2 protein chains.
Amino acid sequence: MEGASPAIILVEPQLGENIGMVARAMANFGLSELRLVNPRDGWPNEKAVAAASRADHVIAAASLHATLDEAVADLNYVLATTARARDNFKPVLGPVDGSAELKRRSGLKQKIGIMFGRERFGLYNEEIARADAIVTFPVNPDYASLNIAQAVLLMAYEWMKTGLESASQTAFEGPDFPPAERHQVQSLVDRLERALDVRGYFRPRSKKPKLMDNLQAVLTRPGFTEPELKVLHGVVASLDLYAPKEPRRPAGHAADTTDGETGD
Amino acid sequence: MEGASPAIILVEPQLGENIGMVARAMANFGLSELRLVNPRDGWPNEKAVAAASRADHVIAAASLHATLDEAVADLNYVLATTARARDNFKPVLGPVDGSAELKRRSGLKQKIGIMFGRERFGLYNEEIARADAIVTFPVNPDYASLNIAQAVLLMAYEWMKTGLESASQTAFEGPDFPPAERHQVQSLVDRLERALDVRGYFRPRSKKPKLMDNLQAVLTRPGFTEPELKVLHGVVASLDLYAPKEPRRPAGHAADTTDGETGD
């Protein structure tokens, strides 16, 4: 069921630097087949190699074509990218749906490709007519012109995403620390309660239940992991080192009307 | 429920050209708040303005900060982008989930931002420690280094997508021509049947039902729209202009054993 990746077809690209940047964008997301239709400054192109940096294998393997028809001759399904509405019968897809359709056809062993137009004019209507569907990007209409390498990057990125099990899959993973078991949170709460009690934190005494509720909530809400709780236990233990020999005079006598700290 | 867009924070960016390209990527997807932490070549930077092209409003409004802490001081929730796994307690998100979380918090009126590191080294661990979560891109592991403007582009693109009703929404739409009503397809099939009949296409006569089944299938499968059927009607009408006065001698007599065309 694993088919080939799409060919990237650049129609009359103008700047070698851009071809190199396209190669980089392709390499970033695992594409390797670059087809060039009549590049303005000829081929091979040193600036393209320089701009490709470590993606020079894509440049070295690029094929050169005199016409678009030649460049797409062996493909079964081709998308054309454009920023402008065209007056034709083509379906218009966003990059997600376009990539999904490419993936589906790739799975059926169809040969697939994506056409990108010249930096300055994009694709002509008669070129778009060769494609099966149009892809357009959800850009800000006031600033719609995507650089050609950026357009390739977005399609290559969406193509890569079609190969992920889910959009949540990442190249590496964060620590898989679930929130600690509840008794671990509770032992921190208990430790804090004891440490605070001997320091006279709970005053007036009548408010202790409410103050404990708050403390419990503050320490529960973050969903602390076990390693994080260990850090916090260490911090509390350190702060608790110099406990008074005798608990402070319990609040609720002289200072019973005072809320919170006594100020000493 | 509509909150602000994320600030883009570049930490010690090196090349003015890249800052300009970042501004373009932001403008493409409707972001406008750029914060620069200690750019290597100083600020303002002419190369940044030149590379920004028509996105110079983003450059003009960029704010300059001496430290990362200053640059993120007013933000409630910050993502850090990185291509490498880090040994810390941060959750790691893909760009889709990261953008969804930004959107959720934006809707709650939280101020949000995304940090990007230096071109050469990315972000240091103590910088990432300032962030609430890590975002990493699903790149090809053999060619993982994304240009800073490309990384900004992908996050800006995913942010833009969170504002779409669905991933299928496009900036412009294809013709909303549903497949034609079935009787319209049928009238083309009927017209073709008559035109072919007088030319003796259906031979041997006994195979006509099978040949008609095939023709019906070929003309039904594409789901032609009404305008497309009009084109095809015109084509058939034109080809049918010079019909024989008398239908050709029906197959099934002398030529009954020959399949298909007779060759004249």
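Treat the numbers as computed from the prediction; the structure is a model and nothing was measured.

Our focus in this paragraph is the relation of the copies chain B and chain A. Between chain B and chain A, the superposition needs a rotation of 180° and an axial shift of 0.1 Å, giving an RMSD of 0.1 Å. What we have between these two chains is a two-fold relation. Interface residue correspondence from chain B to chain A reaches 100%, placing this contact among same-surface, isologous pairings.

Turning next to the pattern of salt bridges. Should their charged atoms come close, side chains of opposite charge can pair. Scanning the entire structure with this criterion turns up 30 salt bridges over all chains. For aspartate 74 of chain A, the salt bridge identified is with arginine 35 of chain A, shortest N-O distance 2.8 Å. Of this pair, aspartate 74 of chain A sits in the loop between helix 4 (68–72) and strand 4 (77–81) while arginine 35 of chain A is found in strand 2 (residues 34–37), placing the two residues 39 residues apart along the sequence. Residue aspartate 74 of chain A is classed as partly exposed on the basis of its relative accessible area, which comes to 35%. The salt bridge partner of glutamate 193 of chain A is lysine 208 of chain A, with a shortest N-O separation of 2.8 Å. Of this pair, glutamate 193 of chain A sits in helix 8 (residues 182–198) while lysine 208 of chain A sits in helix 9 (residues 208–220), and the two are 15 residues apart along the sequence. Look at glutamate 193 of chain A and you get partly exposed, because its relative accessible area is 23%. One network of salt bridges, with partners in common, ties together Glu158 and Lys161 of chain A together with Glu158 and Lys161 of chain B.

Going through the model one piece at a time under the given rule, you end up with 5 aromatic pairs over all chains. Linked through ring pairs, Phe29 and Tyr157 of chain A together with Phe29 and Tyr157 of chain B together constitute an aromatic cluster. Across from the ring centre of phenylalanine 202 of chain A, 4.9 Å away, lies the NZ or CZ of lysine 208 of chain A, which sits over that ring.

Residue and element names in this part refer to chain A. Pairing within the open sheet is parallel, and its 7 strands lie in the order 3-2-1-6-4-7-5. Both outer strands of the open sheet, strand 3 (63–65) and strand 5 (92–93), are each paired with one neighbouring strand and no more. In terms of strand pairing, strand 1 (residues 7–11) meets strand 6 (residues 112–116) through 4 bridges, oriented parallel. Along strand 6, the bridge assignment pairs isoleucine 9 with methionine 115.

For the rest of this paragraph, the subject is the interface of chain B and chain A. Taken together, the contacts link 55 residues of chain B with 55 residues of chain A. For the pair chain B and chain A, the two sides together bury roughly 4,400 Å², of which 63% comes from carbon and sulfur. Linking chain B with chain A are 2 salt bridges, by the criterion used here. For glutamate 158 of chain A, the salt bridge identified is with lysine 161 of chain B, shortest N-O distance 2.6 Å. Taken together, the links from chain B to chain A amount to 18 residue pairs in polar contact (both at pLDDT 80 or more). Elements with a minimum of two residues in the side of chain B that touches chain A: helix 1 (16–28), strand 5 (92–93), helix 5 (95–107), helix 7 (148–162) and helix 10 (226–239) of chain B. It is helix 7 of chain B that contributes the most residues to the side of chain B that touches chain A, 7 residues altogether.

The next thing to look at is unusual backbone geometry. Residues and elements named next belong to chain A. For the peptide bond that leads from arginine 203 to proline 204, omega is -5°, which places it in the cis range. Position of proline 204 among the secondary structure elements: in the loop between helix 8 and helix 9. Even without a glycine there, the phi angle at asparagine 38 is positive, about 50°. Locating asparagine 38 in the fold gives a position in the loop between strand 2 and helix 2 (46–52).

Moving on, we come to the confidence of the model for chain A. Model confidence for chain A is summarised by a mean pLDDT of 88, while 93% of its residues fall at 70 or above. Under a pLDDT of 50 for its full length, residues 254–264 of chain A has, in the predicted model, 15 contacts with residues more than four places off or in other chains.

Take the sheet that holds strand 1 (residues 7–11) of chain B next. Residues and elements named next belong to chain B. Spatially, 7 strands are ordered 3-2-1-6-4-7-5 in an open sheet, and the strand pairing comes out parallel. Pairing within the sheet leaves two strands with one partner each, and these edge strands are strand 3 (63–65) and strand 5. Of the strands in this sheet, strand 1, strand 4 (77–81), strand 6 (112–116) and strand 7 (133–135) are in contact with helix 7, which crosses strand 6 at around 155°.

Our focus in this paragraph is a nonpolar patch on the surface. A cluster of nonpolar residues, Phe89 of chain A together with Phe177, Val231, Val235 and Leu239 of chain B, forms a patch on the protein surface that exposes about 490 Å² of accessible area. Along the chain, leucine 239 of chain B falls in helix 10. Under the relative-accessibility criterion, leucine 239 of chain B is labelled exposed at 65%.

Turning next to the pairing of strand 4 of chain A. All names here are of chain A. Across the 5 residues that make up strand 4, a large majority, 5, are buried. Of the two faces of strand 4, the one carrying Tyr77, Leu79 and Thr81 and the one carrying Val78 and Ala80 are both buried. Summarising the sheet, strand 4 and strand 6 pair through 4 bridges and their orientation is parallel. Residue leucine 79 lies in a different strand from strand 6, and its bridge partner there is isoleucine 114. Two elements, strand 4 and strand 7 (residues 133–135), share 3 bridges in a ladder whose sense is parallel. Looking at strand 7, one finds that threonine 81 is bridged to valine 135.

Rules behind the numbers
Going along each chain's sequence as written, the residues are numbered from 1 onward. Each chain gets a letter, beginning with A, and each ligand a number, beginning with 1, in the order they are written. Given that the model is predicted, a residue must reach a pLDDT of at least 70 before its local features are reported, and side-chain atom pairs must reach 80 or more before they are shown or counted; all residues, however, enter totals for whole chains, interfaces and linings. For the side-chain quantities, the full set of heavy atoms in the structure was used; hydrogens and water were omitted. Alignment of the copies relies on least squares applied to C-alpha atoms, considering only residues that score at least 70 for pLDDT in both. The contact definition used throughout considers only heavy atoms, calling two residues in contact when any of these lie within 4.5 Å. In what follows, salt bridge is the name for a side-chain nitrogen of Lys or Arg lying within 4 Å of a carboxyl oxygen of Asp or Glu. Put simply, DSSP H or I for four residues or longer makes a helix, DSSP E for two residues or longer makes a strand, and each gets a number counted from the N terminus. Only protein chains enter the accessibility calculation, which uses a 1.4 Å probe; a residue is then buried when its area is under 20% of its type maximum, exposed when over 50%, and partly exposed in between. In summary, the pairing rule links any two rings of Phe, Tyr or Trp, Trp by its six-membered ring, whose centres are within 6.5 Å, and it sorts them by plane angle into stacked for under 30 degrees, edge-to-face for over 60 and tilted for everything else. Criterion for a charge above a ring: Arg CZ or Lys NZ at most 6 Å from the ring centre, at most 35 degrees from the ring normal. In this scheme, strands are said to pair when DSSP sees at least two bridges between them. Buried area, as used here, totals the accessible surface that two parts lose on assembly, with accessibility defined by a 1.4 Å probe and the loss added over both. Polar contacts here mean pairs of N or O atoms no more than 3.5 Å apart (in protein, one a potential hydrogen donor and the other a potential acceptor; neighbouring residues in sequence count only if both atoms are side-chain atoms). Per residue, pLDDT captures the predictor's confidence, and it can take any value from 0 to 100. Between N-to-C directions, angles cover 0 to 180 degrees, with each direction set by a line fitted to C-alpha atoms, over the stretch in contact for helices. Exposure above 30% relative accessible area and no salt bridge define the residues that can form patches, which grow by joining like charges within 9 Å and nonpolar side chains of Val, Leu, Ile, Met, Phe, Trp and Tyr within 5 Å. Computed by Shrake-Rupley with a 1.4 Å probe, the accessible areas treat only the displayed protein chains as cover when residues are assessed.

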